Amino acid sequence: MEYSNEFLMKLYEELLRCRLFEKKLVDTYALGKIPGHIHSGLGGEACYVGTLATRQQGDYFKNSHRCIAVANLLGVSLETAFSEIMAKRTGNAGGRGGVNHVSQLKYNMLGFSATLACDIGLAGGAAMRLQYDGIDNMAYTFYGDGTANRGPVHEAMNLAAVWKLPVLFVCDNNQFGISTHVSQGSSVPNPGADRAGAYGMPSEVADGTDVLAVYEAAKRLTDHIRAGKGPAVLECKNYRWRGHFEGDQTPYRDKAVTEEWMKKDSVAKMEKLLLDKKIIDQAAIDNMYQQIDDEMERAIAFAEASPAITPEEIYDNLYV
Amino acid sequence: MLVTFAQAVGDAMREEMRRDDRILIFGEDIAEFGNIFGITRGMLEEFGSKRVRNTPISEMAFIGAAMGAAETGLRPCVELMYSDFSLVAFAEIYHCIAKWRYMHGPEYKLPLVIRSAMGSSFGATGEHSNCLESLYMHSPGLLVASPSTAYDAKGLLKEAIRNDNPVMFFEHKQLYKTKGEVPEEEYTIPFGVADIKREGSDVTIIAIGLMVGRALEAAEALAKEGISVEVLDPRTLVPFDKEAVRKSLSKTHRAMVVEESNKTSGVGAELAAMMQEEMYDELDGPVVRVAALDVPLPYNIELEKYAIPDAEQIAAAIRKMF
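Residues numbered from 1 in each chain as written. Chains lettered and ligands numbered in written order. Predicted model: local features only at pLDDT ≥ 70, side-chain atom pairs only at ≥ 80, totals over all residues. Heavy atoms only, no water.

Peer 1: Run through the layout of surface pockets, naming residues and quoting values.
Peer 2: Here the largest pocket defines a volume of roughly 500 Å³. Taken together, 25 residues line the largest pocket, and the ones lying closest to its centre are B:Met137, B:His138, B:Leu237, B:Val238 and B:Glu270. Of all the elements in the fold, those that place two or more residues in the lining of the largest pocket are helix 5 (133-137), strand 12 (236-238) and helix 9 (267-278) of chain B. The biggest single contributor to the lining of the largest pocket is helix 9 of chain B, with seven residues. Each of two domains, domain 1 (2-181) and domain 2 (195-319) of chain B, supplies a minimum of three residues to the lining of the largest pocket. Put simply, the second largest pocket is a space of about 360 Å³. If you go around the second largest pocket, you meet 19 residues; those closest to its centre are A:Trp241, A:Arg242, A:Gly243, A:Thr250 and A:Arg253. Of all the elements in the fold, those that place two or more residues in the lining of the second largest pocket are helix 1 (5-30) and helix 10 (255-263) of chain A. The leading source of residues in the lining of the second largest pocket is helix 10 of chain A, at four residues. (1 Å grid on protein atoms, 1.4 Å probe; cavity = no way out; pocket = protein on both sides within 12 Å on 5 of 7 lines; lining within 4 Å. Points joined across faces, edges and corners; volume = space filled by probe spheres on them. Helix = DSSP H or I, 4+ residues; strand = E, 2+ residues; numbered from the N terminus. Domains from an automatic or database assignment.)

Peer 1: A description of the interface of chain B and chain A should follow, citing residues and the corresponding values.
Peer 2: For interface size, the figure often reported is the accessible area lost on association. With 46 residues of chain B at the contact, the number on the chain A side is 43 residues. Buried surface at the junction of chain B and chain A, summed over both partners, amounts to about 3,700 Å²; 62% is from carbon and sulfur atoms. It is B:Arg53, B:Thr72 and B:Tyr102 that lose the most area in chain B upon contact with chain A, and together they represent 19% of the buried surface on that side. Scanning the region where chain B abuts chain A turns up one salt bridge. For B:Arg22, the salt bridge goes to A:Asp133, with nearest N and O atoms at 2.8 Å. Where chain B touches chain A, the interface holds 22 residue pairs in polar contact (both at pLDDT 80 or more). Of all the secondary structure elements, the ones that give two or more residues to the side of chain B that touches chain A are strand 2 (23-27), strand 3 (52-54), helix 3 (59-71) and helix 4 (90-104) of chain B. (Contact = heavy atoms within 4.5 Å. Buried area = accessible area lost by both parts, 1.4 Å probe. Salt bridge = Lys/Arg side-chain N within 4 Å of Asp/Glu carboxyl O. Polar contact = N/O pair within 3.5 Å; in protein donor to acceptor, adjacent residues only side chain to side chain.)

Peer 1: Explain the pattern of salt bridges residue by residue, including any values.
Peer 2: Residues and elements named next belong to chain B. According to the stated counting rule, one finds 43 salt bridges over all chains in the structure shown. When the shortest N-O distance is used, the salt bridge between Glu278 and Lys242 registers 3.1 Å. With a gap of 36 residues between them, Glu278 in helix 9 and Lys242 in helix 8 (residues 242-252) connect regions that are remote in the sequence. The class for Glu278 is partly exposed, based on a relative accessible area of 34%. Shared partners join several salt bridges into a network, and the residues in it are Glu15, Glu16, Arg19, Lys154, Lys158, Arg162 and Glu186. (Buried < 20%, exposed > 50% of the residue type's maximum accessible area, 1.4 Å probe, protein only.)

Peer 1: Go over empty space enclosed by the protein with me, naming the residues and quoting the values.
Peer 2: Think of a ball as big as a water molecule: rolled over the atoms, this probe shows where empty space is left. Residue and element names in this part refer to chain A. In total, this model carries seven cavities of 30 Å³ or more according to the counting rule given. Considered as a void within the structure, the largest cavity measures approximately 90 Å³ in volume. For the largest cavity, the lining is made up of 16 residues, of which Asn63, Ser64, Val102, Met109 and Phe112 are closest to its centre. Classifying every residue of the lining of the largest cavity by side-chain character gives ten nonpolar, six polar and no charged. (Nonpolar A, V, L, I, M, F, W, Y, C, P; charged D, E, K, R; others polar.)

Peer 1: Report on the domain arrangement of chain B, specifying residues and quantitative values.
Peer 2: Residues and elements named next belong to chain B. Once the domains are mapped, chain B shows domain 1 (2-181) and domain 2 (195-319). Between domain 1 and domain 2, the C-alpha centre-to-centre distance is 26 Å. With 26 residues of domain 1 at the interface, the matching set in domain 2 holds 23 residues. Here domain 1 meets domain 2 over a buried area of about 1,900 Å², counting both sides, of which 61% is carbon and sulfur. Linking domain 1 with domain 2 are two salt bridges. Between the two partners, domain 1 and domain 2, sit 13 residue pairs in polar contact (both at pLDDT 80 or more). Broken down by secondary-structure element, the contributors of at least two residues to the side of domain 1 that touches domain 2 are helix 5, strand 6 (143-145) and helix 6 (150-162). Residues of the side of domain 1 that touches domain 2, tallied by class, amount to eleven nonpolar, 13 polar and two charged.

Peer 1: Explain the side chain of B:Ser134 residue by residue, including any values.
Peer 2: Structurally, B:Ser134 is set in helix 5. Once you skip the residues sitting within four places of it in the chain, B:Ser134 turns out to touch B:Ser265, B:Gly266 and B:Val267.

Peer 1: With reference to specific residues and values, describe unusual backbone geometry.
Peer 2: All names here are of chain B. Cis geometry marks the peptide bond from Val238 to Pro239, where omega comes out at -5°. Turning to its location among the elements, Pro239 is positioned in the loop between strand 12 and helix 8. Positive phi is not limited to glycine here, since Asp29 has a value of about 60°. Of note, His253 is a non-glycine position whose phi angle comes to about 60°, a positive value.

Peer 1: If you had to explain the sheet that holds strand 13 (residues 255-262) of chain B to someone new, which residues and values would you point to?
Peer 2: Residue and element names in this part refer to chain B. With mixed pairing, the five strands of this open sheet are ordered in space as 9-11-10-13-14. Only two strands of the sheet have a single partner each, and these edge strands are strand 9 (195-198) and strand 14 (288-292). Each neighbouring strand pair of the sheet contributes to a mean axis angle of 25°, computed without reference to strand direction. With three bridges joining them, strand 9 and strand 11 (residues 229-233) adopt antiparallel strand pairing. (Pairing = 2+ DSSP bridges. Axes fitted to C-alpha atoms, helices over the stretch in contact; angles between N-to-C directions.)

Peer 1: Break down the nonpolar core for me, citing the residues and quoting the values.
Peer 2: Counting residues in each nonpolar core, the largest one holds 214 residues, and the members touching the most others are A:Phe21, A:Phe82, A:Phe169, A:Leu234 and B:Met275. Counting residues per element, this core draws most heavily on helix 1 of chain A, at eleven residues. Lining this core are residues from two domains, each supplying at least three of them: domain 1 (2-181) and domain 2 (195-319) of chain B. When residues no more than four places from it in sequence are discounted, the contact partners of A:Phe82 are A:Phe21, A:Lys24, A:Leu25, A:Met296, A:Ala299, A:Ile300 and A:Ala303. (Core = buried A, V, L, I, M, F, W, Y, C linked by side-chain atoms within 4.5 Å.)

If you want it as structure tokens, here you go:
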């Protein structure tokens, strides 16, 4: 596929924003500034960025617990995101939801459940609404290889297929469900794509460390969906760089294998491409790193300085 | 006009769907078949397949879809054929639907109703006879309604459909055929307002669903013995009308809770604890619970009857309070 420089730069910037956000999340958590648990999306960025490069105004999104940075790509400000993550009033839910619930409906984000999979049907519901109103948009729903084995995923796929709903199921196959390797959890090599056939859906498997490969596969599938032909499944194969949660020392896997996979770095690949094509130079890249980092530091400082909600506000938002 | 409870439920949906084209219904066997109790019969013909849809037997998927449709601007009134099946989608309801707005922010409204047929019905056995109100009372974020008459069912369902909060709406199978007076003109019943089904001065029975009728039967029998029973039907369990209970107790000073669910951790457990914590000064004795036995409801109809409170058991328990 031929790409404009502008498109390649947009993909690179989104990829870099995800990478640096996820790194910042890990670093900030290590400083003890984030309560609860975080699940780093490092290594999986291309799955989200490549897929979402096909998005159009009016589409709906059901995100995943990895790559929280996606919320920022879709419109949530860094200030709002870090405030929610750091449990402050200025977060989207005032710190009542936390890191797994960084979401704003005004950006057509449907929210996310930390149960993994119990929210998978939301995209089908949003797609129903689109169908109901005769709107030519679609819904994206992201889930992992571990979640791929849960019943709600299969029910949601069947429902979307039988109702021809405009939904793209995106399986971020990072090869581990907590500590369990994908081969121990699924009887098929591709826990996302291989299940599509059972519901009469087309599917693709993409190299999830290559943002352009993901984009091209997503483009073919979203063209199918946007043509009114029903749902599809995209599986992106990558590798989870960190443990399931921060603090997981990953004794269940071989460090040498992890290091090999980390060389297949989606951000580095894009940098090489942009440098080779002379679309950007190293100084400009360095400048982007610095600028994005500065933005995040400012957002974190804002969140730190923001107040938390008070006990008097604990019931707010429970009922309309 | 005299209509059945089932007709009242159907009419509530029809009237609301005529009023607001954002409302749609879906669930198992509700379209051509018109629901297994005939409640949605004719709705496919009137509203079309866009607004009246059969789903596959996939409760997790269609409850999830209802949620996604609700947050993006539709007002789904979905049917889980039996309340027992709500447990198949329990995490979707208990975690997601109940907590969504709290966890994501105030713009995430879920104007969504989940209707189900509930309760015992002559040998339906342990997996098709449950009364699960107490489970959903335990999940902050949900509203819970359990009407006992055609009038209440219609007014509460219309209110549920108009409400911007998610509602669990329970309809007792044995009540579907019961008839009641329902006005021709438009009305709704607000949530959180109890109804005194019979006034009395010696003891207050708080009864829900099918048990309201049995409590009234017991009250009738006891009246002949000189015991005056007040029967209070909360109609909605969340929100719960505490003030109505307080007012009744200030007159009777004795309380009983009658429910069809089994006793342990049931609705009565919660209400008895609440009254003893908050209304102790009004009570002349302990709150008495009359509930089903702690067994899966047996298939054998004689044993099924034995397991569930009837008017005689309720009356006997009241006599012991004096």
